[in-house]
Amino acid sequence: MTTSMSLSTSTFDPVDLPAPRVDEAWAEQVAAERWGLAVTARGLGSNQDANFLLSAGAEPVAVLKVSNPVFGLPEVEVQDRAADLIAEAYPELRICQVLRDDAGAPQRAVVNTPDGPAVARLIRFLGGGTLFDRGHVSPRVAARLGEVAAKIDVALARLDDGGATVDGVDRELQWDLRFAAQVLDALGGALPEHRRAEVLAAGAAAWRQVARVADDLPRQVVHLDVTDDNVVVDASSGLIELDGVIDFSDLTRTWTVSELAIAVSSILHHPGNDPVDVLPAVRAYHAVRPLSAAEADALWPLVVLRGAVLVASGCHQTALDGDNDYAETRLAHEWRICEQAMSVPLAVMTALVREAIGLPVDRPAPPLAATQLLDAAGAEVLDLSSTSPLVDDGAWREAELVERLVAAHLQRGHRVVAARFAEARLAGTTEPTQEPPATVATGVDLWTTDPADLRAPWGGDVRVRDGRVVLVGEGIELVLAGAEVAVADGAVAPGSLLGRTRPGARLRVTVGRNASSAPEAVPSAYAAGWLAQLLDPAPLMGLEPSGLAEDRTRERLLQRREKTLAEVQEHYYAAPPRIERGWRHHLVSDDGRPLVDMLNNVTVVGHAHPRVAEAAARQLRVLNTNSRFHYEAIVEFGARLAELAPEGLDTVFLVNSGSEATDLAIRLAMVSTGRTDMVAVTEAYHGWTYASDAVSTSIADNPAALETRPDWVHTVPSPNPYRGTRRGADAVAYGPEAAAIIDRLAAEGRPPAGFIGEAFYGNAGGIALPEGYLQAVYAAVRRHGGVAIADEVQVGYGRLGEWFWGFEQQGVVPDVIAVAKAVGNGSPVGAVITTRAIADAYRGAGYFFSSTGGSPVSSRIGLAVLDIIRDEGLQQNARDVGGHLIARLRELSQRHELLGAVHGSGLYIGAEFVRDRATLEPATAETHAICDRLLELGVVVQPTSDRLNVLKIKPPLCIDVAAVDFFVDALDRVLTEGW
Ligand code: PMP
């Protein structure tokens, strides 16, 4: 987007500047003759200049830039000075500076071209490519673009230091947005007829907003083209690091804020990017070079003008060029920029920009009401948000819910029922969507038992359109939708009858600037912008304002969390959504959006399962106490657990967590053998309590894990057939290797009390243990009189699909099973199941009492969970839906190099990302970024393994094919579009 056509001031007729007609052989000759370089030249393409990459062998040496002959030395010199200034101010940025000889003189010369003398120079080659075709622009990259644009402006402001005249920057370029209106006048005719009016009208409206503040816009020399095309990136870390800038040929003195407008507009054509995605760039720019209020107000209109100028120029160019695929492709991107820029009202985006940088937002003033619109005092005000206490059975399909609630309240004798302004309502469906749904209400909804009069609170002009009454007066609009209309077009006095409510039917009241064009609900990312145009209609009806437009509960809650809770009590995501509701395999964020939960291994039977809730509630209403009392629930639950375990494992301890269960299992091994040494698998996690932590060596959970093992803990190598020391078919040797370590310990006089390991290698990413592994290890430990412990905390309870317990997959039976998580479906319920003999040995260790382990409520919940797993066929569902999911992920891995392997069974799956399938270099940063992007697309998933490069996929076992397809489609999109 760098074509600069000179424009004559009077008419702005574009003048074409074709690039100088010089070729690679010519470039090589110039390089040799002028600078003594023995290089090969490769044309780099440019619209108005000729650029060649000069290389010695494979090594890039420089770029030979031959400026368009219409530009003289002053223009070129100032561009080089600008580049030097930025490089000096910000050494961390790579800048395409002119190269200098040993004496420090710029390598610049006037050379002859077939189009006349032109300035040629050697400039620094910046490798890595540009941002243009890097796919989706993440908030992090957008912020960096804004920061770089600001740094360029800060540095370029110094060009004017000292007050001397700067040559070569006061020119009239087509891309200078000060001339946007004239350029649209001159080139608008090239726009296709069916789109011309819309683009020109948007341009004209934008120009009016700019004109209002133009005199207050600071000016300076700017790059004017800090776009995705001209910022270079370094992606060697796996993430896009934007670290350099090229092409100073549009350098000009103009409104400084144009720099930012042009930069952010180039985000808009990237896949999956929307207007709000520029806000991180705006914030980052503002942090380096604060924007004034006038600049904030000019920003979005300038983006619109940029979009309009791009398409007008692009259409003009393709008309001149005829068949030019390159120009056609560019034009498609330019149209996307323009459409996106026009897609949100100027006032809405301007309010969002102001809010993003902490400037006050210009809100309409509430007019003085001479009379109430309607008397709704005493109305029942509904809560339709994600924290609504009224919705307790997961039926949050808004329409149904509202109908039910309204009917119930009206029956109970409430005369009026209202739903709140600015409320982020439950999305109205449990079907997640990749685009955030419009959930934030822009008005108040009302239902009445009897027809109620609706009166004009102030005077104005009425328009009735499509059954809606729009009262325009006091500088704002009041809109009634769903009323029985009792007024015709024309002027009305305050207090005039506008209509009546229809009993039982919904009336929507919207008030504000352009209220008639506001959608009924908007996505939460845009809500602040829309709500800044609107007023809460509640006071017009004698109701309290909702206060939700200014609601910052999510942020405040996070601050309070950080202040109140221990720092190590972590949360997922840097900017976590607030989650207060779930249903089956969905979580609902506080903006009402349903998300697919691919993460919650604890909630096996699904969130908010009514049978679990009912079992807990019923028991809570009658008794909850400690396990030393004699009651039925603990007996029944213990018996059910023993029934599920293999023959001989008939004795149960009830505890509260996985950590407690593994800790107790270790204590049982020690006390039943009279020994203290334990053997564990590296890269495992077993819990946080003293003993369970001692046998945990996952460095993802504890970076110092390997160095800080107590001397009674011995580890065997991580039996990872994908990336361990023994891979593929060789992995069968892990078992004998571990057995040999156990034999050696025994030979050294330290026979272990036991071996603890996950029966399916969960923490490393859902990897099946190599065939025969546990057979070899259990045999070795038992050979020396030790105890085999299976940690089934994550993988047991049906998640693997084919097997209820992980050890079944290995064809072994442990001596002790530790289980939790799924057992309580999110409630703290855990258990240890073992033999009578081992259990009896515990007496020797002293005391066992876990007050709430096996309490009446825990036991009832545990029983309900087991009933549901059985009745709903969840283990079979894990097998079938999991099989489908694994097959789909494997198919993805054939198309996306990054997805190196898909591990797992049933609904315990690891999707492992690697930078290189040969070296298996873990793609840790990418995995993190992919998780963040997936959240934006409606999926909750997180990384696991010591390298944090595996998506841990372990959803509630009730998940269905539609939801896993949604997840895989979103992942496919992220891997295709970028993150
Ligand atoms: N064992 C394994 C295999 C686990 O994954 C976990 C928890 N991640 C635990 C034990 C500890 O369970 P809890 O968090 O319930 O204490």
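Here's a quick rundown of the structure. (Residues numbered from 1 in each chain as written. Predicted model: local features only at pLDDT ≥ 70, side-chain atom pairs only at ≥ 80, totals over all residues. Heavy atoms only, no water.)

**What to know about the site of the ligand**
Logical step 1: The full set of residues close to the ligand is S657, G658, S659, Y685, H686, G687, E758, D791, V793, Q794 and K821.
Logical step 2: A distance of 2.5 Å is found between an oxygen atom of the ligand and a side-chain nitrogen or oxygen belonging to S659.
Logical step 3: Within the side chain of K821, an N or O atom sits 2.7 Å from a nitrogen atom of the ligand.
Logical step 4: In isolation the ligand offers 390 Å² of accessible surface; the protein chains occlude 82% of this area.
Logical step 5: For the shell around the ligand, a count of residues per class yields two nonpolar, six polar and three charged. (Near = heavy atom within 4 Å. Polar contact = N/O pair within 3.5 Å; in protein donor to acceptor, adjacent residues only side chain to side chain. Areas by Shrake-Rupley, 256 points an atom, 1.4 Å probe, with all protein chains shown as cover. Nonpolar A, V, L, I, M, F, W, Y, C, P; charged D, E, K, R; others polar.)

**Looking at helix α10 (residues 346-356)**
Logical step 1: Of all the 11 residues making up α10, nine are buried; the element is thus mostly covered by neighbouring parts of the structure.
Logical step 2: Among all positions of α10, only L346, V348, M349, T350, A351, L352, V353, R354 and A356 are buried.
Logical step 3: Elements that come into contact with the buried residues of α10 comprise α5 (193-213), α7 (279-288), α8 (293-321) and α12 (524-531).
Logical step 4: In the segment just after α10, G358 is the residue with positive phi, at about 75°. (Buried < 20%, exposed > 50% of the residue type's maximum accessible area, 1.4 Å probe, protein only. Helix = DSSP H or I, 4+ residues; strand = E, 2+ residues; numbered from the N terminus. Contact = heavy atoms within 4.5 Å.)

**Here's the deal with the sheet that holds strand β4 (residues 94-95)**
Logical step 1: Reading across the sheet, the three strands line up as β4-β9-β8 and stay open at both edges, with mixed pairing between neighbours. Each end of this open sheet is capped by a strand with a single partner; those strands are β4 and β8 (231-234).
Logical step 2: Pairing geometry for β8 and strand β9 (residues 241-245), over four bridges, is antiparallel. Note on β9: the bridge partner recorded for V232 is G244.
Logical step 3: The sheet contacts of helix α3 (residues 139-156) involve β8 and β9, and relative to β9 the element is tilted by about 25°. (Pairing = 2+ DSSP bridges. Axes fitted to C-alpha atoms, helices over the stretch in contact; angles between N-to-C directions.)

**Overview of unusual backbone geometry**
Logical step 1: Not every positive phi belongs to a glycine, and K821 is a case in point at roughly 45°.
Logical step 2: You will see that S945, though not glycine, has its phi angle at about 85°, which is positive.

**Some points on the sheet that holds strand β29 (residues 678-681)**
Logical step 1: With respect to topology, seven strands assemble into an open sheet ordered β28-β34-β33-β32-β31-β29-β30, the strand pairing being mixed. Looking at the sheet topology across the chains shown, the edges are occupied by β28 (651-655) and β30 (713-716). The average undirected angle you get between the axes of adjacent strands in this sheet is 20°.
Logical step 2: Bridge count for strand β31 (residues 754-758) against strand β32 (residues 787-791) is five bridges, and the pairing is parallel. Along β32, the bridge assignment pairs E758 with D791.
Logical step 3: Helix-sheet contacts for helix α16 (residues 658-673) involve β28, β29, β31, β32, β33 (816-819) and β34 (830-834), and the interaxial angle to β32 is about 175°.
Logical step 4: The strands touched by helix α18 (residues 734-747) are β29 and β30; relative to β30, the strand with the most contacts, the crossing angle is about 150°.

**Regarding the environment of V509**
Logical step 1: Checked against the element boundaries, V509 lands in strand β22 (residues 507-512).
Logical step 2: V509 sits 31 residues away from L540 along the chain, and the two C-alpha atoms are 9.9 Å apart.
Logical step 3: Apart from the residues lying within four places of it in its own chain, the contact partners of V509 are L373, G443, V444, V479, L480, P537 and M541.

**Observations concerning the environment of A284**
Logical step 1: With respect to the helices and strands, the residue A284 is situated in helix α7.
Logical step 2: It is 5.2 Å that separates the C-alpha atoms of A284 and A143, two residues lying 141 residues apart in sequence.
Logical step 3: Once you skip the residues sitting within four places of it in the chain, A284 turns out to touch A143, G146 and E147.

**Observations concerning the side chain of E75**
Logical step 1: Its place among the elements puts E75 in helix α2 (residues 73-89).
Logical step 2: Buried charge E75 goes without a salt bridge, the closest partner of opposite sign being R171 at 4.3 Å.
Logical step 3: From its side chain, E75 meets the backbone nitrogen of G72 in a polar contact 2.9 Å long. (Lys, Arg positive; Asp, Glu negative; His and termini not counted. Salt bridge = Lys/Arg side-chain N within 4 Å of Asp/Glu carboxyl O.)

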